[in-house]
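# Tertiary structure, described
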Amino acid sequence: MSYKSEHERSIQDPDSFWGEQAKRIHWEKPFKQVLDYSNPPFAKWFEGGLTNICFNAVDRHLADRADQIALVAVSTETNQEKTFTFKELYEEVNRMAAIYQANGVKKGDRVLIYMPMVAQACFAMLACVRIGAIHSVVFGGFASHSLASRIDDAQPKMIVTTEAGARGGKAVPYKPLLDEAINLATCKPEKVLIVNRGLIEFTTVAGRDLDYAAERQKHLHDLVPIEWVDATHTSYILYTSGTTGKPKGVQRDTGGYAVALASSMDHIFCAKPGETFFCTSDIGWVVGHGYIIYGPLIHGMATIMYEGTPLRPDAGIWWELVEKYKVSVMFSAPTAARVLKKQDPAFLTKYDLSSLRALFLAGEPLDEPTATWIHGAINKPIVDNYWQTETGWPTLAIQRGVEVMPHKFGSPGLPSFGFNMKLLDDANAEELGPNKKGVIVIEGPLPPGCMQTVWGDDKRFISTYWETIPGKTVYSTFDWGIKDDDGYFFILGRTDDVINVAGHRLGTREIEESISGHANVSEVAVVGIEDKLKGQAAIAFVIPKDASNTATLEAECMKTVDSTLGAIARPGRVYIVTALPKTRSGKIVRRALQAVAEGRDPGDISTMEDQTVLAQIRGVIEQRPPT
Ligand code: ATP
Ligand code: MG
């Protein structure tokens with residue numbers, strides 16, 4: 001099979017292509033048609049078909065895999081490690097579903113899940129889709145204010161939480177933050193279910209708060225029948241990372257999502273039933289939804305949930321787990337690879353990694369030094385893949401399961417099946433040929449698994465994503481890129497971050513890539529700031545590897561840029577810093593850097609991991625302002 005012809009078929013004849021892919025999952029009742037695109041840009045996949053994600057992820061495997069491990073929950077924070085077979089997972093999910101039902105949660109009701117990486121979070125998600133309830137997982141690192149806005153948007157009937165998470169050996173309170181968020185929120189949940197881990201003391205609200213252990217005991221032997229739902233029934237809501245501004249509530253369906261995940265396990269991840277998948281993300285992110293919980297389980301694989309940092313007890317912990325559970329596919333983010341890069345590489349070679357076939361990295365640009373380093377350290381293919389919360393599964397990747405194709409450094413690869421991706425000139429909406437920079441867009445219909453709409457706001461879905469390019473109704477990714485002669489895409493940064501220097505447009509990524517080639521650069525971020533003469537000028541922020549040796553680093557970085565991109569791209573300043581502002585998912589928040597550099601208010605920074613970083617950066621800039 002060739003990738004090219006299959007991809008063409010997936011675009012030209014989606015009914016045939018996705019009709020075949022749909023056979024990967026169980027349908028209780030067959031769908032009437034594969035695609036209904038009579039009301040663009042709203043695509044309805046597999047309408048009329050009845051299915052259930054929980055059935056496909058759990059119940060379906062009881063026949064052949066009841067005693068196979070389905071879930072491994074590892075916490076290096078609490079030093080606990082527990083495995084659940086498919087049968088045990090089935091029982092736990094039934095108990096959780098019974099607790100929901102006993103407390104009035106019905107099909108279509110929202111359940112907000114504010115939890116760390118514990119097994120009960122997995123039960124909580126699966127139990128929702130089992131009964132047709134809609135989950136909204138909120139990343140456990142968010143504080144009250146961010147949580148409150150998500151409570152008001154999703155209006156959950158029930159919230160599931162723990163009293164605390166843990167990070168770096170310290171308990172991180174959850175329940176007190178949740179109480180504060182509920183106080184702030186206009187919409188109050190009827191019930192709060194608390195998984196008490198015994199990490200901190202906390203107070204409860206009579207009549208509202210429920211203890212999970214006690215509730216579970218009441219429903220120990222309950223079985224909750226599957227609620228067969230239409231393929232278009234909403235399975236979950238998930239908010240975007242908030243890197244560029246206010247998070248958007250991405251709404252996802254049931255049937256299309258299950259089919260897309262199942263096909264990606266085969267086409268992209270080359271994963272096989274019975275093996276173990278290890279995704280180091282968090283259930284609070286889209287990668288965690290698809291590749292910690294649903295994808296591997298639908299595919300009959302064991303999945304690892306990991307609570308902890310990649311460095312405790314030491315930097316070998318992830319690879320120790322690969323050896324122990326014979327992980328075949330691993331999925332992480334460049335930011336995690338960069339954390340490991342600062343450690344002794346011996347930690348990565350200490351364990352038997354023979355089961356591992358490839359390491360997938362997504363979420364932000366993968367720079368060459370990091371890719372080369374991790375490849376050298378583990379000696380496995382490193383597979384960059386590009387996607388968004390909105391798309392639900394990799395949009396650009398090498399389809400390794402379809403055809404052996406070369407990887408090109410710096411490129412996440414080619415469009416996945418069903419993604420009709422183009423580069424457009426943002427000034428006149430014209431389609432661009434190879435080697436021309438433009439906005440990356442997707443021509444409708446979006447394939448199965450992509451967002452249905454913005455939760456509760458169809459108008460916002462249209463105006464945010466489909467009306468940004470004048471004269472053309474296409475989905476904008478808000479990413480800026482280029483395509484080579486072979487059709488490989490390269491991401492050059494966010495459209496917000498494109499720099500215009502004297503009429504030349506440059507993606508921040510291009511300049512960052514160039515600077516990261518310097519031997520003493522550990523991390524770098526580039527933003528454009530106002531410049532009276534040139535319109536805009538680039539400035540760079542660099543974290544050095546060796547902080548004691550930076551006297552000539554600025555000049556050297558400038559020289560590197562001159563020689564790779566030309567003097568036009570040369571940053572006006574290279575600031576040496578100790579940290580960069582990042583979202584809680586590890587992405588650099590360039591809009592905040594730019595605001596600080598231009599002396600403006602950075603706006604909403606509630607999604608940022610460490611809010612003191614910006615103050616430090618402000619200090620560095622004040623000492624030597626950009627001209
Ligand atoms: P918000 O939309 O709220 O600003 P966000 O865009 O960071 O937040 P996500 O959906 O988590 O939220 O991230 C998707 C974005 O991450 C992509 O649009 C792209 O900018 C970036 N990205 C993801 N994977 C890659 C990759 N492999 N290479 C380069 N960039 C990537
Ligand atoms: Mg985004």
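Keep in mind that this is a model prediction, so the values were computed, not measured.

Conventions used here
Residues numbered from 1 in each chain as written. Chains lettered and ligands numbered in written order. Predicted model: local features only at pLDDT ≥ 70, side-chain atom pairs only at ≥ 80, totals over all residues. Heavy atoms only, no water. Helix = DSSP H or I, 4+ residues; strand = E, 2+ residues; numbered from the N terminus. Rg over C-alpha atoms; globule rule 2.2 N^0.38 Å. Buried < 20%, exposed > 50% of the residue type's maximum accessible area, 1.4 Å probe, protein only. Areas by Shrake-Rupley, 256 points an atom, 1.4 Å probe, with all protein chains shown as cover. Lys, Arg positive; Asp, Glu negative; His and termini not counted. Charge placed at Lys NZ, Arg CZ, Asp CG, Glu CD. Core = buried A, V, L, I, M, F, W, Y, C linked by side-chain atoms within 4.5 Å. Near = heavy atom within 4 Å. Polar contact = N/O pair within 3.5 Å; in protein donor to acceptor, adjacent residues only side chain to side chain. Salt bridge = Lys/Arg side-chain N within 4 Å of Asp/Glu carboxyl O. Contact = heavy atoms within 4.5 Å. UniProt positions renumbered as here; feature names shortened; annotations may be inferred. Pairing = 2+ DSSP bridges. Expected span 1.5 Å × (residues − 1). Axes fitted to C-alpha atoms, helices over the stretch in contact; angles between N-to-C directions.

### Brief notes about the overall build of the chain
Within the chain, the regular secondary structure consists of 20 helices and 32 strands. Taken against the 2.2 N^0.38 rule, which gives 25 Å for 627 residues, the C-alpha radius of gyration of the chain at 24 Å falls within 12% of a compact globule. If you line up the chain on its principal axes, its C-alpha atoms span 70 × 55 × 50 Å. Residues classed as buried in the chain amount to 63% of the 627 residues present. When the accessible surface of the chain is summed, it comes to about 23400 Å², and 50% of that surface belongs to carbon and sulfur atoms. Between the averaged position of the 66 positive side-chain charges in the chain and that of its 76 negative side-chain charges there is a distance of 1 Å.

### Some words on the nonpolar core
The biggest cluster of nonpolar side chains holds 119 residues, and the ones touching the most others in it are Tyr 100 and Leu 126. A total of eleven residues in this core trace back to one element, the largest contributor, which is helix H6 (residues 119–131). Grouped together as the second largest cluster of nonpolar side chains are 30 residues, Val 327, Ala 336, Leu 353 and Ile 382 included.

### Description of the site of ligand 1
Around ligand 1 sit 20 residues, and of these Thr 243, Thr 244, Asp 479, Arg 494 and Lys 587 come closest. With respect to ligand 1, the backbone of Gly 242 contributes an N or O atom lying 2.7 Å from an oxygen atom. For ligand 1, an oxygen atom lies 2.4 Å from a polar atom in the side chain of Thr 244. Contact with the protein chains covers 94% of the free accessible surface of ligand 1, which is 640 Å².

### Re the side chain of Asp 497
Relative to the helices and strands, Asp 497 is located in the loop between strand E27 (489–494) and strand E28 (499–501). As a buried residue without a salt bridge, Asp 497 has its nearest oppositely charged side chain in Arg 590, at a separation of 4.2 Å. Sequence-distant contacts of Asp 497, defined by excluding residues within four places in its chain, comprise Leu 506, Thr 508 and Arg 590.

### Comments concerning the UniProt feature "domain: AMP-binding enzyme C-terminal" (unreviewed entry) in the chain
Summarizing the sequence annotation, UniProt attributes the feature "domain: AMP-binding enzyme C-terminal" (unreviewed entry) to residues 510–587 in the numbering used throughout. In residues 510–587, the share of helix is 24% and the share of strand is 32%. The end C-alpha atoms are 17 Å apart.

### Side note on unusual backbone geometry
In this structure, the amide linkage connecting Pro 40 to the following residue, Pro 41, adopts the cis form with an omega of 5°. Here Pro 41 shows up in the loop between strand E1 (35–39) and strand E2 (42–45). The amide bond that connects Arg 312 to the next residue, Pro 313, takes the cis arrangement and shows omega of 0°. Mapped onto the secondary structure, Pro 313 falls in the loop between strand E17 (302–307) and helix H12 (317–325). Positive phi outside glycine occurs at Cys 270, with the angle close to 50°. Along the chain, the position of Cys 270 falls in the loop between helix H10 (255–267) and strand E16 (276–279). Here Asn 379, not a glycine, exhibits a phi torsion of approximately 55°, which is positive.

### Quick word on helix H11 (residues 286–298)
Within H11, 13 of the 13 residues are buried, which leaves the element mostly enclosed by the surrounding structure. Taken from the residues just after H11, Gly 300 is the one with a positive phi, measuring 75°.

### Brief notes about the pattern of salt bridges
According to the stated counting rule, one finds 35 salt bridges in the structure shown. One salt bridge connects Glu 92 with Arg 216, and the closest N-O pair in it is separated by 2.7 Å. On the criterion of sequence distance, the pair formed by Glu 92 in helix H5 (residues 86–102) and Arg 216 in helix H9 (residues 212–218) is long-range, its members being 124 residues apart. Classification of Arg 216 as partly exposed rests on a relative accessible area of 22%. Between Arg 509 and Glu 513 there is a salt bridge whose closest N-O contact spans 3.0 Å. Of this pair, Arg 509 and Glu 513 both sit in helix H17 (residues 508–516), four residues apart, which is roughly one turn of that helix. Arg 509 gets classed as buried once you look at its relative accessible area, which sits at 7%. Each of Arg 338, Lys 342, Glu 364, Asp 367, Glu 523 and Lys 582 takes part in a single network of salt bridges with overlapping partners.

### Quick notes on the pairing of strand E19 (residues 358–362)
The element E19 is extensively covered by neighbouring structure, given that five of its five residues are classed as buried. Where burial is concerned, the two faces of E19 agree: the one with Ala 358, Phe 360 and Ala 362 and the one with Leu 359 and Leu 361 are both buried. When strand E18 (residues 327–332) meets E19, the two strands line up parallel, connected through four bridges. In the sheet register, Phe 331 faces E19, and the bridge partner there is Phe 360.

### Observations concerning the side chain of Thr 234
By the secondary structure assignment, Thr 234 is in the loop between strand E13 (229–230) and strand E14 (236–239). Relative accessible area serves as the criterion here: at 10%, Thr 234 is assigned to the buried category. Of the polar contacts made by the side chain of Thr 234, one reaches the side chain of Gln 452; its length is 3.1 Å. Contact partners of Thr 234, with chain neighbours within four places excluded, come to Ile 134, Gln 251, Arg 252, Asp 253, Thr 254 and Gln 452.

### A word on H10
Over its 13 residues, H10 runs 18 Å from end to end, which matches the ideal 18 Å to within 8%, given 1.5 Å per residue. Where burial is concerned, most of H10 is hidden: twelve out of the 13 residues are buried.

### Concerning the sheet that holds E17
One key point about sheets: their strands pair by backbone hydrogen bonds, in either a parallel or an antiparallel sense. Read from one edge to the other, the open sheet built from seven strands follows the order E5-E4-E17-E16-E18-E19-E20, with strand pairing classed as mixed. For this open sheet the edge positions go to strand E5 (80–85) and strand E20 (382–385), each flanked by a neighbour on one side alone. The sheet shows a mean angle of 20° between the axes of neighbouring strands, direction not considered. Across three bridges, E16 lies against E17 in parallel orientation. Within E17, the residue paired with Phe 278 across the bridge is Ile 304. Sitting on the sheet, H6 touches strand E4 (69–75), E5 and E17, and the angle it makes with E4 is about 135°.

### Comments concerning the sheet that holds strand E15 (residues 249–252)
Ordered in space as E12-E11-E8-E6-E7-E14-E15-E25, the eight strands form an open sheet in which the pairing is mixed. Bordering the open sheet on either side are strand E12 (209–211) and strand E25 (453–454), each of which pairs with just one other strand. Both strand E7 (residues 134–137) and E14 contribute to a ladder of two bridges, which runs parallel. By the bridge assignment, His 135 is partnered in E14 with Tyr 236. Sitting on the sheet, H6 touches strand E6 (110–114), E7, strand E8 (158–162) and strand E11 (191–195), and the angle it makes with E7 is about 150°. Against the sheet, helix H7 (residues 144–154) touches E6, E7, E8 and E14, its axis set at about 165° to E6.

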